[in-house]
Amino acid sequence: MMIRRLRRITPFQVILVTVFTALAAFMSLPIVFILNHAFKPTNELFLFPPRFFVQNPTGSNFEQLFLHATNATVPFSRYVFNSVVVVALTLISVIIVSTMAAYVLAKYQFHFKQLILSLITLSLMFAPETVGIPRYLIISGIHLNNTYLGHILPSLASPIAVFMLVGFISQIPGELLEAARIDGASHFGIFTKIVLPLAVPAIATISIFTFQGVWGDVETSTLFMQDETMRTLAFYVNSLLSGLQNSVAGQNIAAAAGLLMFIPNLIIFLLFQRKVLETMIHSGIK
């Protein structure tokens, strides 16, 4: 049986697999470099020509990072705690709000529906910097500075999440939802028992985008948080790297901090990559 399968493999398939394997290996080089760079001692960081792989790995970079944070007024664990809380609450809130909004926009008819969809599409054109001042005025006006809600509220309205979910949920057959209504299911029951399970691939995709955006966000900590104890890990790492840009001795700390910011994004992507592929496949089926 195995011999028959091998005989069915065409030269084109072999070339295709070889090309994509080489492409995958090439695209993984930045990840390998980041991992190696964080464990390089100071003398290897400034070698010329630079070495891709670490020769004498060391964990002293992370020790110096934690010692640097220990000497600060706010402990390193506080920044980590703030980031975890903000990311978790924002992720849950964005999923709930976006899925409910997308379900209504995809499966219900009401006045000004097309206008709302057009405004959501239009909002995708605006860069975050263009709405920085209005966001600050709103957060300050309702007195949410130095609160966790001040971190969450600016990210709560996610046009990309709603836009993606509308396209995915609209592909759910209307007959399926109508059958559930005939069987006596409520609107909330249809949403929780039918729509949400079928939309898991799209929810996983927006979860990745939301996590990456919130985990690496420094705008909310910079603009809305004047209390240092309410700022996130991304802000601390960014301020740390800014202070070490011209410091030769601090480049090892910068390498370790960069790895700490990168690893959670890599883990989240690896956990949900299959769901992302399912979303792409379904988006092409009408």
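Just so it is clear, the model here is predicted, and its values are computed rather than measured.

J.: Mind showing me how you'd approach the overall build of the protein here?
T.: Per the secondary structure count, the protein includes 16 helices and zero strands. When burial is assessed residue by residue, the protein has 33% of its 286 residues classed as buried. About 17,300 Å² of surface is accessible on the protein, with carbon and sulfur atoms providing 71% of the total.

J.: Explain the pattern of salt bridges here, please?
T.: A side chain of one charge can pair with a side chain of the opposite charge if their charged atoms are brought near each other. A full pass over the atoms with the stated rule returns three salt bridges. Put simply, Arg 135 and Glu 219 hold a salt bridge, and the shortest N to O gap is 3.9 Å. Pair noted here: Arg 135 is in helix 8 (residues 132–141) and Glu 219 is in helix 14 (residues 219–223), with a separation of 84 residues, a long-range link. Overall, Arg 135 belongs to the partly exposed group, its relative accessible area being 27%. Note that Glu 228 is salt-bridged to Arg 231, the shortest N-O span being 2.8 Å. In this structure Glu 228 comes out as partly exposed when scored by relative accessible area, which is 24%. Residue Arg 231 is classed as buried on the basis of its relative accessible area, which comes to 14%.

J.: Before we go on, may I ask you to explain helix 10 (residues 159–169) in this structure?
T.: Since one α-helical turn is 3.6 residues long, residues separated by three or four positions face the same way. Taken residue by residue, helix 10 has Ala 161, Val 162, Leu 165, Val 166, Phe 168 and Ile 169 as its buried positions. Burial along helix 10 is one-sided: seen end-on, the buried residues are contained in an arc of 165°.

J.: When you look at the packing of aromatic side chains in this model, what are you seeing that I'm missing?
T.: Aromatic ring pairs are defined here through the distance separating the ring centres and the angle between the ring planes. Scanning the model with the defined rule gives seven aromatic pairs in all. Their ring planes at 90° and their centres at 5.4 Å tell us that Tyr 103 and Tyr 108 sit as a pair that is edge-to-face. A ring pair is formed by Phe 211 and Trp 215, whose centres lie 5.8 Å apart and whose planes are at 10°; its orientation type is stacked. Here Phe 211 and its partner Trp 215 are both found in helix 13 (residues 200–215), four residues apart, which amounts to about one turn of the helix. Taken individually, Phe 211 and Trp 215 each receive the classification buried, so the pair is uniform in this respect. Following the ring pairs from residue to residue traces out a cluster consisting of Phe 76, Tyr 79 and Tyr 236.

J.: Whenever I open this one, the packing of helix 6 (residues 76–107) against helix 13 confuses me. Can you help?
T.: Between two packed helices, both the angle of their axes relative to each other and the distance between the axes serve to describe the pair. One way to put it is that helix 6 packs onto helix 13 with a least axis distance of 10 Å and a crossing angle of 140°. Classified by the interaxial angle, the pair formed by helix 6 and helix 13 is oblique. Considering the relative orientation of helix 6 and helix 13, their crossing is right-handed. Each of Ser 83, Val 86, Val 87, Thr 90, Leu 91, Val 94, Ile 95 and Thr 99 in helix 6 lies in contact with helix 13, whose residues at this interface are Ile 203, Ser 207, Thr 210, Phe 211, Val 214 and Trp 215. Here the contact of helix 6 with helix 13 is built from residues that sort into nine nonpolar, five polar and no charged.

J.: Explain the UniProt feature "transmembrane region" (unreviewed entry) in the protein to me, please; I cannot follow it from the model alone.
T.: UniProt records the feature "transmembrane region" (unreviewed entry) at residues 12–35, 79–103, 115–136, 148–169, 190–215 and 253–272, using the numbering of this structure. Along residues 190–215, the helical share is 96% and the strand share 0%, with 32 Å between the first and last C-alpha atoms. Structurally, residues 253–272 comprises 100% helix and 0% strand, and the distance from its first C-alpha atom to its last is 30 Å.

J.: Help me understand the side chain of Asn 265 in this model?
T.: Checked against the element boundaries, Asn 265 lands in helix 16 (residues 251–283). The exposure class assigned to Asn 265 is buried, which follows from its relative accessible area of 17%. Each residue touching Asn 265, except ones within four places of it in the same chain, is listed here: Phe 211, Gln 212 and Trp 215.

J.: I tried to follow a nonpolar patch on the surface on my own but got confused; where do I start?
T.: On the surface, Phe 12, Leu 16, Phe 20, Leu 23, Phe 26, Met 27, Leu 29, Phe 33, Phe 52 and Phe 53 cluster together into a nonpolar patch covering about 1,000 Å² of accessible area. Sorting the residues of the nonpolar patch by element identifies helix 2 (11–27) and helix 3 (29–38) as the ones contributing at least two each. The biggest single contributor to the nonpolar patch is helix 2, with six residues. Here Phe 20 shows up in helix 2.

J.: What is the right way to look at unusual backbone geometry in this model?
T.: Both trends apply: most residues other than glycine have a negative phi, and most peptide bonds are in trans. Phi is positive for His 143, close to 60°, though the residue is something other than glycine. Here His 143 shows up in the loop between helix 8 and helix 9 (148–156). A positive phi angle, near 60°, is found at Asn 146, a position not held by glycine. Here Asn 146 shows up in the loop between helix 8 and helix 9.

J.: Whenever I open this one, the environment of Thr 121 confuses me. Can you help?
T.: On the secondary structure map, Thr 121 appears in helix 7 (residues 113–123). When its relative accessible area of 39% is taken as the criterion, Thr 121 is described as partly exposed. Through-space distance from the C-alpha of Thr 121 to that of Ile 160 is 8.4 Å; in sequence the pair is 39 residues apart.

Conventions used here
- Residues numbered from 1 in each chain as written.
- Predicted model: local features only at pLDDT ≥ 70, side-chain atom pairs only at ≥ 80, totals over all residues.
- Heavy atoms only, no water.
- Helix = DSSP H or I, 4+ residues; strand = E, 2+ residues; numbered from the N terminus.
- Buried < 20%, exposed > 50% of the residue type's maximum accessible area, 1.4 Å probe, protein only.
- Areas by Shrake-Rupley, 256 points an atom, 1.4 Å probe, with all protein chains shown as cover.
- Salt bridge = Lys/Arg side-chain N within 4 Å of Asp/Glu carboxyl O.
- Arc of directions from axis to C-beta.
- Phe/Tyr/Trp six-rings, centres within 6.5 Å; stacked < 30°, edge-to-face > 60°.
- Axes fitted to C-alpha atoms, helices over the stretch in contact; angles between N-to-C directions.
- Parallel < 35°, antiparallel > 145°, perpendicular 65-115°, else oblique.
- Left-handed = near helix turned anticlockwise from the far one by under 90°.
- Contact = heavy atoms within 4.5 Å.
- Nonpolar A, V, L, I, M, F, W, Y, C, P; charged D, E, K, R; others polar.
- UniProt positions renumbered as here; feature names shortened; annotations may be inferred.
- Patch = residues over 30% accessible without salt bridge, like charges linked within 9 Å, V, L, I, M, F, W, Y side chains within 5 Å.

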